[in-house]
Structure formats: structure tokens, C-alpha cells
Amino acid sequence: SEQTDLMDLLGSDLPVEGAPPGTYAWQDGPFLAALRSGHWVILDELNLAPQAVLEGLNSCLDHRATVYVPELAASFECPPSFRVFGCQNPLQQGGGRKGLPKSFLNRFTQVWMEELDAADMRAIAGSLFAALGAPLLEQLVGFVRALQAALARREFGAAGGPWDFNLRDVFRWCELMLALQAPPHWRPGAFLDALFLQRFRSESDRKAALRLYRESMGGCDAAQLPPLQPHFAVSSRWVQVGCAWLPRAAAQLPPPPPLQLLHGMLRPLQALILGVRMGWMCVVSGEGGAGKSSSLRLLAQLSGARLEETVLSTATDTTELLGCFEQTELSRLQLETLQEADELGRSLISQLAVVGVSEVSRKCLGQPTDRGRSRRGQRGVGRRAA
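Residues numbered from 1 in each chain as written. Predicted model: local features only at pLDDT ≥ 70, side-chain atom pairs only at ≥ 80, totals over all residues. Heavy atoms only, no water.

Asks: Would you take a moment to explain helix 11 (residues 266-278) for this structure?
Replies: Owing to its 3.6 residues per turn, the α-helix brings residues three or four apart onto one side. Between the first and last C-alpha of helix 11 there are 18 Å, a value that for 13 residues agrees with the 18 Å anticipated at 1.5 Å per step. Three or more residues of helix 11 are buried, namely Leu-266, Arg-267, Leu-269, Gln-270, Leu-272, Ile-273, Leu-274 and Gly-275. Where helix 11 ends, the next residue or the one after it, Gly-279, has phi of about 75°, a positive value. (Helix = DSSP H or I, 4+ residues; strand = E, 2+ residues; numbered from the N terminus. Expected span 1.5 Å × (residues − 1). Buried < 20%, exposed > 50% of the residue type's maximum accessible area, 1.4 Å probe, protein only.)

Printed below as a string of C-alpha cells:
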């Protein structure tokens, strides 16, 4: 990527695990490790690498076939079995990609990979999701390809492009049906809004995609699509929006600021709940003040999940997200202990409020609860009656 430097490829001095504090040793990077072992290496997203990285690899790729590591004051020759491959996406996909110098590209044998055609997509999907049947998989692949073709012709979807609907969308579609539906009554239209329609920026684009779905799929499924405005239900154990539902955990104490569940949030919430349910990452896009963060806060409140918020910027470093070595302070350890004790106390209070003081105390003391007494009483009455 744009943040990659030669240290990521060749290596650096890192702390030694299990050694005394302050002990550092050289650790080979993936490129140098592959070179010294004579293995093959792939440089993925090659046209995202900064110029300094490309220049640092020049000596390894030209007639010299060596790489010099200043930290070790040593040069390493490429063994005969060592091979370098590069992969990159076209410049039109953006994301900071740039054209590589011709002098650098001339060192590689260039190969162009064609996109997967319909037969390839059906073969791959059929090998992974054979339970859905070949006719249904052919319809799913046909709709995804028709949608991508219509967007490439700019029939709709001008706002928010460029779009890329591919085999991954077919995989998600199949995974949802296998997880939330039962054979042989497959209804792919139940997830159409969450997987496809919610990506578009305008209601006219969503209607155009819906018309294309009816034309591509046909049959009873296209005629019996679920309502686009999903219903919702919230109980003490579950939260459901449309076809998506999540179990609810104990409420957090003190409760967070209340948020309103608006009708305009239901369709995005359905897509978010499906993503959480399936373990997928979700990106919420929209104009400023549209309620992106509020929707996620509301979902966390409804499900009882703890939400950590971090604001990212151009100056954000990975150490701010993952952590780093810092000086140990006794006051910080005390604060962390107090926070853990506070969370434990809040959790216990929440359980007391839901289950009841008497039953929780009996469980802690190992005494039978009222439910246990009632069950034993019923068994006793049954024995006396017998």
C-alpha cells in the first residue's frame, strides 16, 4: 500500500519475546525471508507501493540479483529458485493507484487476467453451494452479471459509482439462504434489499435494480418479494427487523442516551443486523448528519453490545488502534482495575434487576432456587400420587 516501506519487506529490529525488557533482535521481513529460503513471493497491489519501495527492489530485480540491507551491512544474492510475482488492479479503480515506470515494468513478463465469465461463476458457486441446486445458482449468477452490465452501460447508478458486483455477492447471497432458510423453499428475494438495493444512493436506482431482478429471476419469488419497509419487533430476548434478528444481552448500566428508532432506519438496520449475524464487516455511507453513527449506536443498544468509537483521520497511526510500548504507571493499573470492578458490579446489578435478588443470591450460595423447589415439589406430588 502507500504506507508500505522497505522495513516491512526486508525486516527490522523488534523486541524479543520472553527476553528481558529492552532486548531487540533482527527479524527478517517476508520478502527477505523468502529470498534467503529460495521461495516464491507475491507483491500484491504493486501499483500502490511508494516510489522508495520500488527503487529499493531494483537491485533485486535487475541483472545484479542482490538486495543490500544497511541495518545488517550485508548483501543477499537471489538463489536460482527465488521468484517474484506482482499483482495489481487497473488504474481506473482509483484508491491511490498509479502507473508504474516503464523501466520497472519491463523487468516483468506482463499477463492480463480476464474476468470470470458466467460459466466460471456457476462452476465455482456450484462446487461450494451444491445444496442450493444448479437452476437457482444459475439465476443468482445471471442477476449479478446483468446488474453489473447495466451499471457498466450507465443505465442507472450514476451516483456512488464505480460499482463492482461480482462472485463475492453470490457467495454472500448463498450463505444467507443456507443460514436463515430451509430447503427446498429458497427465497433469495428476502435478502435482495440488504445485499443489493441498500448500496445505491437514490430511490430511483433501487427501483431500477428491483425491475432488473424481476426480469432476471422471474418465477414466484420475484412476484412475492417481501415489503421493502420491514417490520420490527423488540422483546427482552430478541430484536428483529424484517428477516434479520439478533439476541439481546443484558442492558448496560447506566443506560446510554436514548435514541429514536425512525422508520427511515429500518432498511439499513436490517442490512446491518444481517452483517452482524453472519460476521461480515459493514461500511455505512451517507451525507453528514444522516445518522450513520446513531444507527450503529442504536443497534448496539438494542443488542446490548458494548460499542467502542474511534475517530480516524489522515494523521491516525496504527499504534493508536493496536497499541504500542508505553511507560508503565501504577496509577494507570489502578484505574484499569477500578474500571473492571465497576463493569463487574454493573453486570451483577443488571442480572439482579432481571432475574431477581433472591434467585441470584441462592445461586451464589449454592442453595436451590424457587424454580428448583417447584420442580422437586412436582416430582414429589407425582410420586405420592403414584
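Asks: Help me understand a nonpolar patch on the surface in this model?
Replies: Among the surface-exposed residues, Trp-40, Ile-42 and Phe-85 lie close enough to one another that they form a single nonpolar patch of about 370 Å² accessible area. Residue placement: Trp-40 occurs in strand 3 (residues 40-43). (Patch = residues over 30% accessible without salt bridge, like charges linked within 9 Å, V, L, I, M, F, W, Y side chains within 5 Å. Areas by Shrake-Rupley, 256 points an atom, 1.4 Å probe, with all protein chains shown as cover. Salt bridge = Lys/Arg side-chain N within 4 Å of Asp/Glu carboxyl O.)

Asks: Would you explain the nonpolar core in this entry?
Replies: Across soluble globular proteins, nonpolar side chains show a tendency to be buried alongside one another. Counting 50 residues, the largest nonpolar core has Phe-143, Leu-147, Trp-173 and Phe-196 as its most contacted members. Looking at this core element by element, the count peaks at nine residues for helix 6 (residues 134-152). Those residues in contact with Phe-143, other than ones at most four positions away along the chain, are Trp-173, Leu-192, Phe-196, Ala-209, Leu-212, Tyr-213, Ser-216 and Met-217. In terms of nonpolar packing, the next biggest core, distinct from the first, is built from 24 residues, Phe-31, Leu-43, Val-67 and Phe-76 among them. (Core = buried A, V, L, I, M, F, W, Y, C linked by side-chain atoms within 4.5 Å. Contact = heavy atoms within 4.5 Å.)

Asks: I'm lost on helix 2 (residues 30-37) in this one. Help?
Replies: For helix 2, the complete set of buried residues consists of Phe-31, Leu-32, Ala-34 and Leu-35. Each buried residue of helix 2 lies within a common arc of 160° when the element is viewed along its axis, so the set occupies one face. Backbone geometry just downstream of helix 2 places Gly-38 in the positive-phi region, at approximately 75°. (Arc of directions from axis to C-beta.)

Asks: Before we go on, may I ask you to explain unusual backbone geometry in this structure?
Replies: Of all residues except glycine, most have a negative phi; of all peptide bonds, most are trans. Along the chain, Gly-161 connects to Pro-162 via a cis peptide bond; the corresponding omega equals 0°. Look at the link from Pro-183 to Pro-184: it is a cis peptide, with omega at -5°. Note on placement: Pro-184 falls in the loop between helix 7 (167-180) and helix 8 (192-195). If you check the backbone angles, Ala-65 has positive phi at about 55° while not being a glycine. Assignment of secondary structure puts Ala-65 in the loop between helix 3 (51-61) and strand 4 (66-69). Taking relative accessible area as the criterion, Ala-65 reaches 27% and is therefore assigned partly exposed.

Asks: Looking at this structure, I do not really get the pattern of salt bridges. What am I missing?
Replies: Between side chains of opposite charge, pairing is possible as soon as their charged atoms come close. For the structure shown, the criterion picks out twelve salt bridges. Linking Arg-97 and Glu-45 is a salt bridge whose minimum nitrogen-to-oxygen distance equals 3.1 Å. With Arg-97 in the loop between strand 6 (83-86) and helix 4 (102-105) and Glu-45 in the loop between strand 3 and helix 3, this residue pair connects regions lying 52 residues apart in the sequence. A residue is classified by how much of its surface remains accessible, and Glu-45, at 23% relative accessible area, is partly exposed. The closest approach of N and O atoms between Glu-203 and Arg-267, which form a salt bridge, is 3.7 Å.

Asks: Explain the side chain of Asp-193 to me, please; I cannot follow it from the model alone.
Replies: On the secondary structure map, Asp-193 appears in helix 8. Beyond its immediate stretch of four places on either side in the chain, Asp-193 contacts Gln-198, Leu-228, Arg-267 and Gln-270.

Asks: Hey, could you run me through the pairing of strand 5 (residues 74-77) in this one?
Replies: Strand residues, when the strand is regular, have side chains that alternate between the two faces of the sheet. As paired strands, strand 4 and strand 5 are joined by four bridges and run antiparallel to one another. Within strand 5, the position partnered with Thr-66 by the bridge is Glu-77. Hairpin remark: strand 4 followed by strand 5, antiparallel, with four residues in the connecting loop; positive phi at Ala-73, about 50°. (Pairing = 2+ DSSP bridges.)

Asks: So what exactly am I meant to see when it comes to the side chain of Asn-47 here?
Replies: Along the chain, Asn-47 falls in the loop between strand 3 and helix 3. Relative accessible area serves as the criterion here: at 1%, Asn-47 is assigned to the buried category. Among all residues touching Asn-47, those that are not within four sequence positions of it are Gln-88, Asn-89, Leu-91, Gly-96, Arg-97, Lys-98 and Leu-100.

Asks: Teacher, can you tell me more about the sheet that holds strand 7 (residues 232-234) here?
Replies: Pairing is antiparallel across the open sheet formed by three strands, whose spatial order is 7-8-9. The two strands at the open ends of the sheet, each matched to only one other strand, are strand 7 and strand 9 (244-247). The average undirected angle you get between the axes of adjacent strands in this sheet is 10°. In this structure, strand 7 lies alongside strand 8 (residues 238-241), joined through three bridges in antiparallel fashion. (Axes fitted to C-alpha atoms, helices over the stretch in contact; angles between N-to-C directions.)

Structural measurements only, silent on function.
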